[in-house]
Amino acid sequence: AMSPEEAAFQDKVDADIKIEPRDWMPEGYRKTLIRQIGQHAHSEIVGQLPEGNWITRAPTLERKMILLAKVQDEAGHGLYLYSAAETLGVTRDELTEALLSGKMKYSSIFNYPTLTWADIGAVGWLVDGAAIMNQVPLQRTSYGPYSRAMIRICKEESFHQRQGYDIMMKMAQGSEAQKKMAQDALNRFWYPSLMMFGPSDAESVHSAQSMAWKIKINTNDELRQKFVDQTVPQAEYLGLTVPDENLKWNEEKGGYDFSEPDWSEFFDVLKGNGPCNHDRLNDRVKAWEDGQWVRDGLLAHAEKKAARKVA
Ligand code: 3HC
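The structure contained in this document is the topic of the report that follows. (Residues numbered from 1 in each chain as written. Predicted model: local features only at pLDDT ≥ 70, side-chain atom pairs only at ≥ 80, totals over all residues. Heavy atoms only, no water.)

1. Overview of the overall build of the chain
Okay, step 1: Helices and strands together make up the secondary structure of the chain, namely 13 helices and two strands.
Okay, step 2: In terms of overall dimensions, the chain is globule-like: its C-alpha atoms have a radius of gyration of 21 Å, near the 19 Å expected for 311 residues.
Okay, step 3: Taking the principal axes of the C-alpha coordinates as reference, the chain spans close to 70 × 50 × 35 Å.
Okay, step 4: Buried residues in the chain amount to 48% of all 311 residues.
Okay, step 5: Look at the contacts in the chain between residues 6 or more apart in sequence, and 77% of them connect residues 24 or more apart.
Okay, step 6: Of the side chains in the chain, 37 bear a positive and 45 a negative charge, and the two mean positions are spaced by 7 Å. (Helix = DSSP H or I, 4+ residues; strand = E, 2+ residues; numbered from the N terminus. Rg over C-alpha atoms; globule rule 2.2 N^0.38 Å. Buried < 20%, exposed > 50% of the residue type's maximum accessible area, 1.4 Å probe, protein only. Contact = heavy atoms within 4.5 Å. Lys, Arg positive; Asp, Glu negative; His and termini not counted. Charge placed at Lys NZ, Arg CZ, Asp CG, Glu CD.)

2. Notes on the site of the ligand
Okay, step 1: In the neighbourhood of the ligand, 31 residues make up the surrounding shell, with Lys105, Ser108, Ser204, His206 and Asn220 lying closest.
Okay, step 2: Glutamine 39 places a polar side-chain atom, nitrogen or oxygen, 3.1 Å from an oxygen atom of the ligand.
Okay, step 3: Methionine 196 has a polar backbone atom sitting 3.4 Å from a nitrogen atom of the ligand.
Okay, step 4: Considering the ligand on its own, with 1000 Å² of exposed area, one finds that the protein chains cover 89% of that surface.
Okay, step 5: Placement of the ligand is best described as lying within the largest pocket.
Okay, step 6: Within the residue set of the shell around the ligand, elements represented by two or more residues are α2 (27–46), α6 (117–138), α7 (144–172) and α11 (263–273).
Okay, step 7: The element that contributes the greatest number of residues to the shell around the ligand is α2, accounting for six residues.
Okay, step 8: The residue makeup of the shell around the ligand, split by class, is twelve nonpolar, twelve polar and seven charged. (Near = heavy atom within 4 Å. Polar contact = N/O pair within 3.5 Å; in protein donor to acceptor, adjacent residues only side chain to side chain. Areas by Shrake-Rupley, 256 points an atom, 1.4 Å probe, with all protein chains shown as cover. 1 Å grid on protein atoms, 1.4 Å probe; cavity = no way out; pocket = protein on both sides within 12 Å on 5 of 7 lines; lining within 4 Å. Sits in = over half its atoms within 2 Å of the grid points. Nonpolar A, V, L, I, M, F, W, Y, C, P; charged D, E, K, R; others polar.)

3. Considering unusual backbone geometry
Okay, step 1: Although it is not a glycine, aspartate 16 adopts a positive phi angle of roughly 55°.
Okay, step 2: Here aspartate 16 shows up in the loop between α1 (4–14) and α2.
Okay, step 3: Phi is positive for lysine 214, close to 55°, though the residue is something other than glycine.

4. Focus: a positive patch on the surface
Okay, step 1: Residues Lys304, Lys305, Arg308 and Lys309 make up a contiguous surface patch of positive charge.
Okay, step 2: Residue placement: lysine 304 occurs in helix α13 (residues 292–310). (Patch = residues over 30% accessible without salt bridge, like charges linked within 9 Å, V, L, I, M, F, W, Y side chains within 5 Å. Salt bridge = Lys/Arg side-chain N within 4 Å of Asp/Glu carboxyl O.)

5. Some remarks on a nonpolar patch on the surface
Okay, step 1: On the surface, a nonpolar cluster with roughly 370 Å² of combined accessible area is contributed by Trp293, Val294 and Leu298.
Okay, step 2: Its place among the elements puts valine 294 in helix α13.

6. Description of the environment of glutamate 94
Okay, step 1: Its place among the elements puts glutamate 94 in helix α5 (residues 92–100).
Okay, step 2: Sequence separation between glutamate 94 and glutamine 10 is 84 residues; the distance between their C-alpha atoms is 29 Å.

7. Description of the environment of leucine 247
Okay, step 1: Residue placement: leucine 247 occurs in the loop between α10 (220–238) and β1 (248–250).
Okay, step 2: For the pair leucine 247 and lysine 12, spaced 235 residues apart in sequence, the C-alpha to C-alpha distance is 42 Å.

Here it is in structure tokens:
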């Protein structure tokens, strides 16, 4: 049975009263939030790498500026989320150390390479599309700082998805070579985007508890289904084919029937065996090491300033 504090806590969650940093909370609630918000923040930071790969190769100055703005947005999203996680008593250095040592993960999707410019369109359209599908409900998550971070992040995400879809439209309505490149990008990003929503509900170890605490608002399968239902018409508008021969509108369900991703691939990527896992982690370790002198300088400066004040 619940302790009186736990009962009072659950009553607040059930009444949609936001839980704030100084409120009593079950240890499991705190741990789940540190895990989820930390991995969400890591995803924003690592997610900059596949796109950063194309900033110097964008086909026009305008596309370069847009991509630069998007990558900068994601750094900011990471900052909001690390700050939300810090309110739970974990430091940013601890979270960074957990990422670099492989103890904490980031979204599986970022372990796939961006091989062509059309991939940057597919990332904006599909990956940010899936991210929006997942993040919009998270604005109502029970933990105050996470909910407020989500509200800010969602405001910027729709621009990310629209600019991706704009690239796809340009390619899909361009030359035969461009259309082929767009179809190839959809073929390679479709199933990894479905994996972003997490394992099937039957396989999801955290969903039941996370939904009881209103950390998670919808199940993984619910959001995946909504994503497919929204995205298939967009692919049709582009004149592209979703790489799934089982895709079929199901009238009584009011949604598409579709093939599940290859879950063995998903769990393999989570274990670190995706196409880019090593590159992504090496890039982050290098960035951390190369930035040591900046952190040392800032700390030395702060200490000198503090010492002067004392004197
Ligand atoms: N990539 C990596 N790990 C994943 C995953 C994915 N796509 N989906 C699930 N997992 C992991 C979970 O973290 C958990 O492992 P853990 O216990 O070691 O943390 C395990 O698989 C079981 O999955 P569950 O469904 O039981 O776990 P959750 O209840 O945490 O649900 C989730 C997974 C739906 C991703 C949830 O954590 C969530 O909503 N997180 C916040 C959203 C997020 O992190 N999005 C990242 C991509 S969006 C983005 O980066 C921003 C955009 O700008 C690109």
